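Residues per chain are reported as follows:
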Number of protein chains: 2
Amino acid sequence: MSQHRHPGVPGRAGAVPALPDLPEATVARLPEYLRALHNLADAGHETVSSEGLAGAAGVNSAKLRKDLSHLGSYGTRGVGYDVALLIDQIEFVLGLTQRRAVALVGVGNLGHALAGYAGFAGRGFRIAALFDADTSRVGEMINGLVVRHVDELPRVAAEEAISIGVIATPAPAAQAVAEQLVAVGVTSILNFAPCVLSVPDGVDVRKVDLAIELQILSFHEHRKASLTALPATGGSALTALPGGLTTPDTQEAIGT
Amino acid sequence: MSQHRHPGVPGRAGAVPALPDLPEATVARLPEYLRALHNLADAGHETVSSEGLAGAAGVNSAKLRKDLSHLGSYGTRGVGYDVALLIDQIEFVLGLTQRRAVALVGVGNLGHALAGYAGFAGRGFRIAALFDADTSRVGEMINGLVVRHVDELPRVAAEEAISIGVIATPAPAAQAVAEQLVAVGVTSILNFAPCVLSVPDGVDVRKVDLAIELQILSFHEHRKASLTALPATGGSALTALPGGLTTPDTQEAIGT
DNA sequence: AGGCGCTTGTGAAGACGTGCACAAATCGCG
DNA sequence: CGCGATTTGTGCACGTCTTCACAAGCGCCT
């Protein structure tokens, strides 16, 4: 399907066999594996079986093995995976060997919280700059960083190598901010504003909408409620709901 | 496939043909359609074509039609969909006709922002109570709500009909909080803590992990960077990257 | 009334993701 | 050195999701 399989790109290819193009579903799970692996490493484990790691990451062990097999063979049959080696591999594939600089635009309610979130630092990211369009907010210090006006974005982007832009503005401002980010060369955007962004080809957008998450849960709540009102399908148990609500599947399918 | 197709459940079934069980992928998109429809309604549109709505929601029009067809036939051929009617239908299916009460546990950095987020109110939810385990935080007022100790959860749950629990605690506390929520009858949980929750069957968990979103973007960033180092596939354009990075697809696949 | 243009709803095909089940590989022990 | 226990890596079958392409239906205009 894809014809880029050159083992020796002149630039800087060590023994690493260049990026295999992973299925998107696998990519979405790798960070979860990585987090679980860090936990295991902190707990002193040197190796872990696919079963063990799958349990810690909340997935099926066959799925985990297949996911990892896409990275290459980094396990030992009969033993398991070397925790430290696997961490290095996943971090490399995810591009986390460099600490990526994140620019956050919009320091309102949510943006403020994101700017102060300590979890990013430990997972490969560094909030490099804060921006807002509201001049009354410009100059404010948050977590050791000064809030700048969004018009300064080009200048700041020239100094710092911004890798990812995070949009935490109100919805009406988001599209314009996205265009400004793209204009200074940002090709990855995480959008918290409840709206669709239109961006050129080659720019990746991921969206997180808190209300949507709640609405999806609301649907399942609604469905569960309407099922309990139905005549029993033969079961009398009060521990489990009637119907095909299998939760290992649910936790899986829904958590994605 | 499913044998619950009773048109007249005694309780309160009007002409509504009871909940069809929708594909999970469809459920995940309905909230996006709903938001787009509200925008259209505010802009004065009475009807909208599948093409128009699909554009506003950022999806393929065929997919949108198939999604909506699962709800029943609420469009008119040659005309389109009645905006107001479709809003009602989707809100019903998602269980948003009642304003659902949300309990938020953990008023740290992120929890604080969530408690103050105005976006919930307009989209079918009401933050009914705030909890924290830190006694020094108990009593604090946020957005008109008092923070209570998490041990009061049973009492409060008895008064308010809590529909959804939101966990915004540090990871080590999340599992215990989840168990407390389940114990008081909560069957839908939105988890912001970076850890896997284990819950009984019949309880739905959705997870939002900000660092994971960034790491997924990081992967694509890494991949794009390694692609630009490859010999050109024949293209000379500097507007588009080489390789098969089709963005309509990306925005779609990634945004889920 | 009839025809024409437009839009929905859907059958079918293909792409994608999942999970089982097992062969291949490795370690440790006798 | 060989054998059994263990665990990875993967072929295969199945289910879900997406997309195309088109028939069926609706309204409008003549």
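Residues numbered from 1 in each chain as written. Chains lettered and ligands numbered in written order. Predicted model: local features only at pLDDT ≥ 70, side-chain atom pairs only at ≥ 80, totals over all residues.

Peer 1: So what exactly am I meant to see when it comes to the overall build of chain A here?
Peer 2: From N to C terminus, chain A includes 9 helices and 10 strands. Across the 256 residues in chain A, those meeting the buried criterion constitute 42%. For chain A, the share of sequence-separated contacts (at least 6 apart) that also reach a separation of at least 24 residues comes to 53%. (Helix = DSSP H or I, 4+ residues; strand = E, 2+ residues; numbered from the N terminus. Buried ≥ 20, exposed ≤ 12 C-beta atoms within 10 Å, placed from the backbone. Contact = placed C-beta atoms within 7 Å.)

Peer 1: Which parts of the structure should I look at to understand the sheet that holds strand β3 (residues 80-82) of chain B?
Peer 2: Hydrogen bonds along the backbone pair up the strands of a sheet, which may run parallel or antiparallel. Residues and elements named next belong to chain B. The strand order across the open sheet formed by 3 strands is β1-β3-β2, and the pairing between neighbours is antiparallel. Sheet topology places β1 (47-48) and β2 (75-76) at the edges, where each strand pairs with a single neighbour. Strand direction decides the pairing type here: β1 and β3, joined by 2 bridges, are antiparallel. When the bridges of β3 are listed, Thr47 appears paired with Asp82. Each of β1 and β3 is contacted by helix α4 (residues 83-93), which is oriented at about 70° to β3, the strand it contacts most. (Pairing = 2+ DSSP bridges. Axes fitted to C-alpha atoms, helices over the stretch in contact; angles between N-to-C directions.)

Peer 1: Explanation requested: the UniProt feature "DNA-binding region" (unreviewed entry) in chain A in the structure shown.
Peer 2: As recorded in UniProt, the sites labelled "DNA-binding region" (unreviewed entry) are residues 32-71 of chain A. The span residues 32-71 of chain A is 70% helix and 5% strand, and its two end C-alpha atoms sit 15 Å from each other. (UniProt positions renumbered as here; feature names shortened; annotations may be inferred.)

Peer 1: I tried to follow the nonpolar core on my own but got confused; where do I start?
Peer 2: It is characteristic of soluble globular proteins that their nonpolar side chains tend to be buried jointly. Judged by nonpolar contacts, the single largest core of 140 residues is most densely connected at A:Leu104, A:Val166, A:Ile167, B:Leu104, B:Val166 and B:Ile167. Among residues more than four places away in sequence, those in contact with A:Ile167 are A:Val105, A:Gly106, A:Ala174, A:Val177, A:Ala178, A:Ile189, A:Asn191, A:Phe192 and A:Ala193. (Core = buried A, V, L, I, M, F, W, Y, C linked by C-beta atoms within 7 Å.)

Peer 1: Quick question: what am I supposed to make of the protein's contact with DNA strand D here?
Peer 2: As a structural note, the neighbourhood of DNA strand D is formed by 29 residues, with A:Ser50, A:Gly75, A:Gly78, B:Pro23 and B:Gly78 the closest of them. When contributions to the surface near DNA strand D are tallied by element, the ones reaching two or more residues are α2 (50-57), α3 (61-69) and β3 (80-82) of chain A together with α1 (24-42), α3 (61-69) and α9 (247-255) of chain B. Residue contributions to the surface near DNA strand D peak at 5 residues, all from α3(A). For the surface near DNA strand D, the per-class residue count stands at 9 nonpolar, 10 polar and 10 charged. (Near = placed C-beta within 6 Å. Nonpolar A, V, L, I, M, F, W, Y, C, P; charged D, E, K, R; others polar.)

Peer 1: Explanation requested: the sheet that holds strand β10 (residues 204-207) of chain A in the structure shown.
Peer 2: Taken in spatial order, the 7 strands line up as β6-β7-β5-β4-β8-β9-β10 (chain A) in an open sheet, and their pairing is mixed. Edge positions in the sheet fall to β6 (141-142) and β10 of chain A, since each has one partner strand and no second. Relative to strand β5 (residues 125-132) of chain A, strand β4 (residues 100-105) of chain A is paired through 6 bridges, and the arrangement is parallel. Looking across to β5(A), one finds that A:Ala103 is bridged to A:Ala129. Taken strand by strand, helix α7 (residues 171-183) of chain A contacts β4, β8 (162-167) and β9 (188-191) of chain A, and its axis lies near 175° from that of β8(A). Lying on the sheet, helix α8 (residues 210-228) of chain B is in contact with β4, β5, β8, β9 and β10 of chain A; it crosses β9(A) at an angle near 160°.

Peer 1: What's the story with the protein's contact with DNA strand C in this structure? I'm lost.
Peer 2: Around DNA strand C sit 29 residues, and of these A:Gly78, B:Ser50, B:Gly75, B:Arg77 and B:Gly78 come closest. Per-class residue counts for the surface near DNA strand C are 9 nonpolar, 10 polar and 10 charged.

Peer 1: Looking at this structure, I do not really get helix α1 (residues 24-42) of chain A. What am I missing?
Peer 2: Since the α-helix packs 3.6 residues into each turn, any two residues three or four apart lie on the same face. Residue and element names in this part refer to chain A. For α1, with 19 residues, the first-to-last C-alpha span of 28 Å sits near the 27 Å given by 1.5 Å per residue. In α1, a bend of some 25° at Leu30 exceeds every other bend along the element, and Pro31, a proline, comes one to four places later. A positive backbone phi angle near 95° is found at Gly44, which sits one or two residues after α1. (Expected span 1.5 Å × (residues − 1). Bend = angle between axes of the 7 residues up to and from the residue.)

Peer 1: Just checking my understanding: could you explain the pairing of β5(A) for this structure?
Peer 2: Consecutive residues of a regular strand have side chains that alternate between opposite faces of the sheet. Residues and elements named next belong to chain A. Within β5, 7 of the 8 residues are buried, which leaves the element mostly enclosed by the surrounding structure. Taken together, β4, helix α5 (residues 109-116) and β5 form a β-α-β motif whose crossover is right-handed. Bridge count for β5 against strand β7 (residues 145-149) is 3 bridges, and the pairing is parallel. Within β7, the residue paired with Asp132 across the bridge is His149. (Right-handed = clockwise from strand over helix to strand, strands pointing away.)

Peer 1: Would you mind showing me how to read the packing of α1(B) against helix α2 (residues 50-57) of chain B here?
Peer 2: Helices that pack against each other are described as a pair by the angle of their axes relative to one another and the distance between those axes. Residues and elements named next belong to chain B. At a closest axis distance of 9 Å, the pairing of α1 and α2 adopts a crossing angle of 110°. Accordingly, the angle class assigned to the pair α1 and α2 is roughly perpendicular. The segment α1 lies against α2, with Glu32, Tyr33, Ala36, Asn39 and Leu40 engaging Leu53, Ala56 and Ala57. Considered class by class, the residues forming the contact of α1 with α2 number 6 nonpolar, 1 polar and 1 charged. (Parallel < 35°, antiparallel > 145°, perpendicular 65-115°, else oblique.)

Peer 1: Can you help me understand the environment of B:Thr135 in this one?
Peer 2: Following the sequence through the fold, B:Thr135 ends up in the loop between β5 (125-132) and β6 (141-142). With 97 residues separating them along the chain, B:Thr135 and B:His38 place their C-alpha atoms 41 Å apart.

Peer 1: Is there a simple way to explain the packing of α1(A) against helix α4 (residues 83-93) of chain A in this structure?
Peer 2: Residues and elements named next belong to chain A. Running from amino to carboxyl end, α1 crosses α4 at an angle of 150°, the nearest separation of the two axes being 10 Å. The interaxial crossing formed by α1 with α4 has left-handed handedness. Of the residues in α4, those in contact with Leu30, Tyr33, Leu34, Leu37, His38, Leu40 and Ala41 of α1 are Val83, Ala84, Leu86, Ile87, Ile90, Glu91 and Val93. For the contact of α1 with α4, the class distribution of residues is 12 nonpolar, 1 polar and 1 charged. (Left-handed = near helix turned anticlockwise from the far one by under 90°.)

Peer 1: Would you mind going over the environment of A:Ser198 with me for this structure?
Peer 2: All names here are of chain A. Mapped onto the elements, Ser198 comes out in the loop between β9 and β10. Classification of Ser198 by C-beta neighbours within 10 Å gives partly exposed; the count is 15. Distance in space between the C-alpha atoms of Ser198 and Asn109 is 24 Å, their sequence separation being 89 residues.

Peer 1: Is there a simple way to think about the pairing of strand β4 (residues 100-105) of chain B in this case?
Peer 2: All names here are of chain B. For β4, a buried count of 5 out of 6 residues is recorded, marking the element as mostly surrounded by other parts of the structure. Here 5 bridges tie β4 to strand β8 (residues 162-167), and the two strands are oriented parallel to one another. In the sheet register, Leu104 faces β8, and the bridge partner there is Val166.

Peer 1: I tried to follow the confidence of the model for chain A on my own but got confused; where do I start?
Peer 2: One rule of thumb: low pLDDT means the predicted coordinates there are not for detailed reading. Residues and elements named next belong to chain A. In the predicted model, chain A carries a mean pLDDT of 86, and 82% of its residues have values of at least 70. Between residues 1-16, whose pLDDT stays under 50, and residues either more than four places distant or in other chains, the model counts 12 contacts. Across residues 233-256, confidence stays below pLDDT 50; counting only partners more than four residues off in sequence or on other chains, it has 29 contacts. (pLDDT = per-residue confidence, 0-100.)

Peer 1: Any chance you could explain the environment of B:Phe192 here in plain terms?
Peer 2: Residues and elements named next belong to chain B. Note on placement: Phe192 falls in the loop between β9 (188-191) and β10 (204-207). Given 22 C-beta atoms within a 10 Å radius, Phe192 is considered buried. Once the C-alpha coordinates of Phe192 and Ala168 are considered, the two residues, 24 residues apart in sequence, prove to be 5.2 Å apart.

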